[in-house]
Amino acid sequence: MFKEEERIKINKDAWNIVAPQFFEGSFTNLEYGMYAPSEEELNFLGDLKGKVILEVGCGSGHTLEYMARAGAGELFGVDLSTAQLESAKKVNSQFNIPITLIESPMEELKGVPRNYFDIAISIYALGWTVNLSKTLSNIFDALKPGGVFVFSWEHPVHSLLEYRDGKLVFKRSYVEEGYEKHESWRTVSIVMHYRKLSTYINGLIKAGFIIDQVVEETRIPENDTGEPNQWYSAEKARTLPPDLIIKSHKPDFNIG
Ligand SMILES: C[S@@+](CC[C@H](N)C(=O)[O-])C[C@H]1O[C@@H](n2cnc3c(N)ncnc32)[C@H](O)[C@@H]1O
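The name recorded for the chain in an unreviewed UniProt entry is Class I SAM-dependent methyltransferase, from Paenibacillus aurantius.

Here it is in C-alpha cells:
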C-alpha cells in the first residue's frame, strides 16, 4: 500500500526518466489516441481563436503548440514532470501569446486560476491521477461556467486484455478497481490505476460536469498490419476500443 503522495512521487521520478521517449509529437493535428478519431473529425473544441485553455498533463507540449498555432489567446500547461515541462517550454518558446507552464500534480493544480478557462483538455494523462475525484473537481473549478472539458485515455477494457498464443485474454479483473506498481514499465517503476468506464462517467457527473458525448469509435488505417502482440495493435483495435474520449462541460449557471 502506498499513500497518494508516495504514488505521486514514484510517478514523478518515473516520468522524469521516461520523458524523452515521449518528446516526439505532431502539432499539425490534434490526436486523441493512436486509433481514435482526431479533433479534425470530432470538432469537440470548436474554433480555438482567442480561447483561454488549460491542458492537464501537457507532457512535451505538442498539443499546446497545436493550440497556439490554431490561434488560442492564452494557454496553461500543467504536468508533474520537470523533464516534460522543459520540453514543453522549448517547443512553445516561439509564440507571442501568454503560455504558463506549471509543475504540479493534477490532484492539486497548484497556481491554476479558478473560473478562468474556456476549455480544459487532457490527452492520455487523466488516468495517471491517483485521485480522480479531486482532479475532476480541480478541473471543474478552473473552468468558466459553460467551459468545455475534453479528455482521452486508454479505454478501461483495453488495459485489461493482452494477446497470448493468438488469443485475447483478460490479465486482470474489470470490476476490481485499484492500483498496481509495475517494476519495469519502459524501464522504470510506476504506479498505474485501474478504473471502470462508469467510474470516469460518474466521476464527471459527481464533479458537476454535464456529459455531451462518449466516444469509443476506432479509426484503423487499412494498411495497418501491426504486430498483434504489441500493446496497441490494429488486431486488438478490431475487437475492442483502444481509446476513450469524453466531452463534457461545466453548466452555465446564468442560463435556465
Ligand atoms: C502519456 S503522457 C501524455 C502527454 C501529452 N498529453 C501528450 O499527449 O503527449 C502523460 C503525462 O501525464 C503526466 N502525469 C502523470 N501523472 C501526473 C499527475 N499526477 N499530475 C500531472 N501530470 C501527470 C506525465 O508526466 C506525462 O507528461
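A tally of helices and strands in the chain yields 7 helices and 11 strands. Here the chain has a C-alpha radius of gyration of 18 Å; the compact-globule value for 256 residues is 18 Å, and the two agree. With respect to the three principal axes, the spread of C-alpha positions in the chain is 55 × 40 × 40 Å. Expressed as a percentage of its 256 residues, the buried residues of the chain come to 51%.

For the rest of this paragraph, the subject is the site of the ligand. Taken together, 18 residues lie around the ligand, and Gly57, Asp79, Gln84, Met106 and Ile123 are the ones closest in. Within the contact set of the ligand, a nitrogen atom lies 3.4 Å away from a side-chain nitrogen or oxygen of Glu55. Within the contact set of the ligand, a nitrogen atom lies 2.8 Å away from a backbone nitrogen or oxygen of Gly57. Within the complex, 89% of the 600 Å² of free accessible area of the ligand lies under protein.

Before going further, it helps to examine the nonpolar core. Soluble, globular proteins show a tendency: their nonpolar side chains are buried together. Residues Leu54 and Phe149 are the most contacted members of the largest nonpolar core, which totals 38 residues. Ranked by residues supplied to this core, first place goes to helix α5 (residues 132-142) with 5 residues. Grouped together as the second largest cluster of nonpolar side chains are 24 residues, Leu42, Phe95, Ile119 and Ile245 included.

If you check which residues of helix α4 (residues 82-91) are buried, you get Ala83, Gln84, Leu85, Ser87, Ala88 and Val91. Buried residues along α4 sit against α1 (4-18), α3 (62-69), β2 (74-79) and β3 (99-103). The N-cap residue of α4 is Ser81: its side-chain oxygen and the backbone nitrogen of Ala83 are 3.3 Å apart.

On to the pattern of salt bridges, then. Under the definition given, this model contains 11 salt bridges. Here Lys9 and Asp13 are joined by a salt bridge, their closest N and O atoms 2.7 Å apart. A residue pair is termed a helical-turn pair when its members lie 3 or 4 positions apart in one helix, as Lys9 and Asp13 do in helix α1 at 4 residues. What makes Asp13 partly exposed here is its relative accessible area of 35%. Between Lys49 and Asp47 there is a salt bridge whose closest N-O contact spans 4.0 Å.

So, about the packing of α5 against helix α6 (residues 197-207). Axis separation between α5 and α6 bottoms out at 9 Å; the angle between their running directions is 45°. Relative to α6, the element α5 is oriented oblique. Relative to α6, the crossing made by α5 is right-handed. Only Thr199, Tyr200, Gly203, Leu204 and Ala207 of α6 make contact with α5, whose side of the interface consists of Leu132, Leu136, Ser137 and Phe140.

Applying the stated rule across the entire model yields 14 aromatic pairs. Ring geometry for Phe149 versus Phe209: centroids 5.5 Å apart, planes at 35°, classification tilted. Taken together, the positions of Phe149 in strand β5 (residues 143-154) and Phe209 in the loop between α6 and β10 (210-215) put the pair 60 residues apart, joining distant regions of the chain. Summarising the burial analysis for this pair, Phe149 and Phe209 share the class buried. Members of the aromatic cluster, connected to one another through ring pairs, are Trp15, Phe22, Tyr124, Trp128, Trp153 and Trp185. Against the face of Tyr179 rests Arg7, its NZ or CZ located 4.0 Å from the ring centre. Here Arg186 stacks its cationic end above the ring of Trp185, 5.4 Å away from the centre of that ring.

Reading the values: rules and limits
- Residues numbered from 1 in each chain as written.
- Predicted model: local features only at pLDDT ≥ 70, side-chain atom pairs only at ≥ 80, totals over all residues.
- Heavy atoms only, no water.
- Helix = DSSP H or I, 4+ residues; strand = E, 2+ residues; numbered from the N terminus.
- Rg over C-alpha atoms; globule rule 2.2 N^0.38 Å.
- Buried < 20%, exposed > 50% of the residue type's maximum accessible area, 1.4 Å probe, protein only.
- Near = heavy atom within 4 Å.
- Polar contact = N/O pair within 3.5 Å; in protein donor to acceptor, adjacent residues only side chain to side chain.
- Areas by Shrake-Rupley, 256 points an atom, 1.4 Å probe, with all protein chains shown as cover.
- Core = buried A, V, L, I, M, F, W, Y, C linked by side-chain atoms within 4.5 Å.
- Contact = heavy atoms within 4.5 Å.
- Salt bridge = Lys/Arg side-chain N within 4 Å of Asp/Glu carboxyl O.
- Axes fitted to C-alpha atoms, helices over the stretch in contact; angles between N-to-C directions.
- Parallel < 35°, antiparallel > 145°, perpendicular 65-115°, else oblique.
- Left-handed = near helix turned anticlockwise from the far one by under 90°.
- Phe/Tyr/Trp six-rings, centres within 6.5 Å; stacked < 30°, edge-to-face > 60°.
- Lys NZ or Arg CZ within 6 Å of the ring centre and 35° of its normal.

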